[in-house]
Amino acid sequence: MHTELPEFDMPADEQVNLAAESFRMLADPTRIKVLWALLQGESSVACLADLTGAAPAAVSQHLAKLRLAGLVTGRREGTFVYYSAANDHVRSLLSQALFHADHVDRDIPAKTATPHVHQPARRTR
């Protein structure tokens, strides 16, 4: 039925699997908080633990998974590692997820929603 549509297109299996893995990595409130904080500037595990209210060991585990998924990067400086969001795709993905959550929470129909993209303020070190 759909294949008869001239503009019909399905993503490749590999692309679908990678996208699903990214969504799996975002299926945790602490990871969302960590990513949101990193969109505002690079940070250490200790600072992220403080911001999220999670134990440093837990934040470190979350960061390892996010790094494997390509959502964050790390920069070593001496014995410390400073993390940041991998790219602006992470910003778009998280902004859209928060936008959707905001509208589901307030039962706002998508058609009447005023476009608003959640954007963290950029900060410098």
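The preceding data block contains the structure.
Residues numbered from 1 in each chain as written. Predicted model: local features only at pLDDT ≥ 70, side-chain atom pairs only at ≥ 80, totals over all residues. Heavy atoms only, no water.

K.L.:
Could you give an account of the pattern of salt bridges, with specific residues and numbers?
P.N.:
Evaluated as defined, the whole model comprises four salt bridges. With its nearest N and O atoms 2.5 Å apart, the salt bridge here joins Arg-75 to Glu-42. Pair noted here: Arg-75 is in strand 1 (residues 72-77) and Glu-42 is in the loop between helix 2 (29-38) and helix 3 (45-52), with a separation of 33 residues, a long-range link. By relative accessible area, Arg-75 is classed as partly exposed at 30%. Each of Glu-42, Arg-75 and Glu-77 takes part in one network of salt bridges that share partners. (Salt bridge = Lys/Arg side-chain N within 4 Å of Asp/Glu carboxyl O. Helix = DSSP H or I, 4+ residues; strand = E, 2+ residues; numbered from the N terminus. Buried < 20%, exposed > 50% of the residue type's maximum accessible area, 1.4 Å probe, protein only.)

K.L.:
Describe the packing of helix 2 against helix 5 (residues 88-105), naming the residues involved and giving the relevant values.
P.N.:
In a pair of packed helices, the angle between the axes and the distance between the axes together describe the arrangement. Between helix 2 and helix 5, whose axes approach to 11 Å, the crossing angle comes to 125 degrees. As judged from the angle between their axes, helix 2 and helix 5 are oblique. Here the hand of the crossing between helix 2 and helix 5 comes out left-handed. Contacts between helix 2 and helix 5 pair Ile-32, Leu-35 and Trp-36 from the former with Val-90, Leu-94, Ser-95 and Leu-98 from the latter. Of the residues that constitute the contact of helix 2 with helix 5, the class distribution is six nonpolar, one polar and no charged. (Axes fitted to C-alpha atoms, helices over the stretch in contact; angles between N-to-C directions. Parallel < 35°, antiparallel > 145°, perpendicular 65-115°, else oblique. Left-handed = near helix turned anticlockwise from the far one by under 90°. Contact = heavy atoms within 4.5 Å. Nonpolar A, V, L, I, M, F, W, Y, C, P; charged D, E, K, R; others polar.)

K.L.:
Please set out the nonpolar core residue by residue, giving values where relevant.
P.N.:
Leu-35, Leu-38, Val-59 and Leu-63 are the most contacted members of the largest nonpolar core, which has 20 residues in total. Going through the elements one at a time, helix 2, helix 3, helix 4 (56-68), strand 2 (80-85) and helix 5 are the ones with two or more residues in this core. Setting aside chain neighbours within four positions, we find Leu-35 in contact with Leu-26, Leu-66, Leu-71, Val-72, Val-90 and Leu-94. (Core = buried A, V, L, I, M, F, W, Y, C linked by side-chain atoms within 4.5 Å.)

Function cannot be read off these values alone, since they describe shape.
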